[in-house]
Amino acid sequence: MFVYGIMGHYVYGQDNNNAVVYEYWGTFGSSYLSLFILTTAEGWTDVMRSLKAASKSFTVYAYIISFLFCGHFVFGNLFVAVVIQQIDKATTGYQKMLDTKRTLEAMKKLENAKISQRNEMQRMVK
């Protein structure tokens, strides 16, 4: 995002005569905000129109499309990573609970076996 912000500022934001272009790309902060708008896809058409006003070439489309693919890929992967991490955390906790339950059941069986052996020994002694 940093590289796209600098590139957008220097390639498209140097036109001080066009207020719309300067609003979206005139400063580094506004260019990063414009890229955030593109990433969230909320109002991205306004950003694209400002770029088309700045440059009549097809590099505008290459810039926007490549950023959309890269931005959505990165944020999509971050979302998937968070979901997978939470699922892993939940299954680890569930697995620990099952292990504890199995251990308690095994200890109860062992205790019952000891009691039954003791009772059998006492019956044999009498």
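The following refers to the structure shown. (Residues numbered from 1 in each chain as written. Predicted model: local features only at pLDDT ≥ 70, side-chain atom pairs only at ≥ 80, totals over all residues. Heavy atoms only, no water.)

Some details on a nonpolar patch on the surface
Okay, step 1: On the surface, F79, V80, V83, I84 and I87 cluster together into a nonpolar patch covering about 470 Å² of accessible area.
Okay, step 2: Mapped onto the elements, V83 comes out in helix α5 (residues 59-125). (Patch = residues over 30% accessible without salt bridge, like charges linked within 9 Å, V, L, I, M, F, W, Y side chains within 5 Å. Areas by Shrake-Rupley, 256 points an atom, 1.4 Å probe, with all protein chains shown as cover. Salt bridge = Lys/Arg side-chain N within 4 Å of Asp/Glu carboxyl O. Helix = DSSP H or I, 4+ residues; strand = E, 2+ residues; numbered from the N terminus.)

Some words on the pattern of salt bridges
Okay, step 1: If you walk through the whole model with that rule in mind, you get three salt bridges.
Okay, step 2: The closest approach of N and O atoms between R49 and D46, which form a salt bridge, is 3.3 Å. On the criterion of helical spacing, the pair formed by R49 and D46 is a turn pair, its members being three residues apart in helix α4 (residues 44-54).
Okay, step 3: Take R49: its relative accessible area is 52%, and that puts it in the exposed class.
Okay, step 4: A salt bridge links D99 to R102, with the shortest nitrogen-to-oxygen separation between them at 3.5 Å. Separated by three residues within a single helix, D99 and R102 lie in helix α5, roughly one turn from each other.
Okay, step 5: Under the relative-accessibility criterion, D99 is labelled partly exposed at 36%. (Buried < 20%, exposed > 50% of the residue type's maximum accessible area, 1.4 Å probe, protein only.)

Focus: α4
Okay, step 1: Taken together, the buried positions of α4 are V47, M48, S50 and L51. Seen end-on, α4 carries its buried residues on one side only, within an arc spanning 160°.
Okay, step 2: Where the residues of α4 are buried, they touch α1 (2-12), α2 (19-25), α3 (28-40) and α5. (Arc of directions from axis to C-beta. Contact = heavy atoms within 4.5 Å.)

Notes on the packing of α1 against α5
Okay, step 1: Relative to each other, α1 and α5 sit at 165°, their axes nearing to 12 Å. The pairing of α1 with α5 is recorded here as roughly antiparallel in orientation. Seen from above, α1 lies across α5 with left-handed handedness. Each of Y4, G5, M7, G8 and Y12 in α1 lies in contact with α5, whose residues at this interface are T59, V60, Y63, S66, F67 and C70.
Okay, step 2: Considered class by class, the residues forming the contact of α1 with α5 number seven nonpolar, four polar and no charged. (Axes fitted to C-alpha atoms, helices over the stretch in contact; angles between N-to-C directions. Parallel < 35°, antiparallel > 145°, perpendicular 65-115°, else oblique. Left-handed = near helix turned anticlockwise from the far one by under 90°. Nonpolar A, V, L, I, M, F, W, Y, C, P; charged D, E, K, R; others polar.)

Digging into the side chain of H9
Okay, step 1: Looking at the secondary structure, you find H9 in helix α1.
Okay, step 2: The exposure class assigned to H9 is buried, which follows from its relative accessible area of 9%.

In short, shape yes, function no, at least from these values alone.
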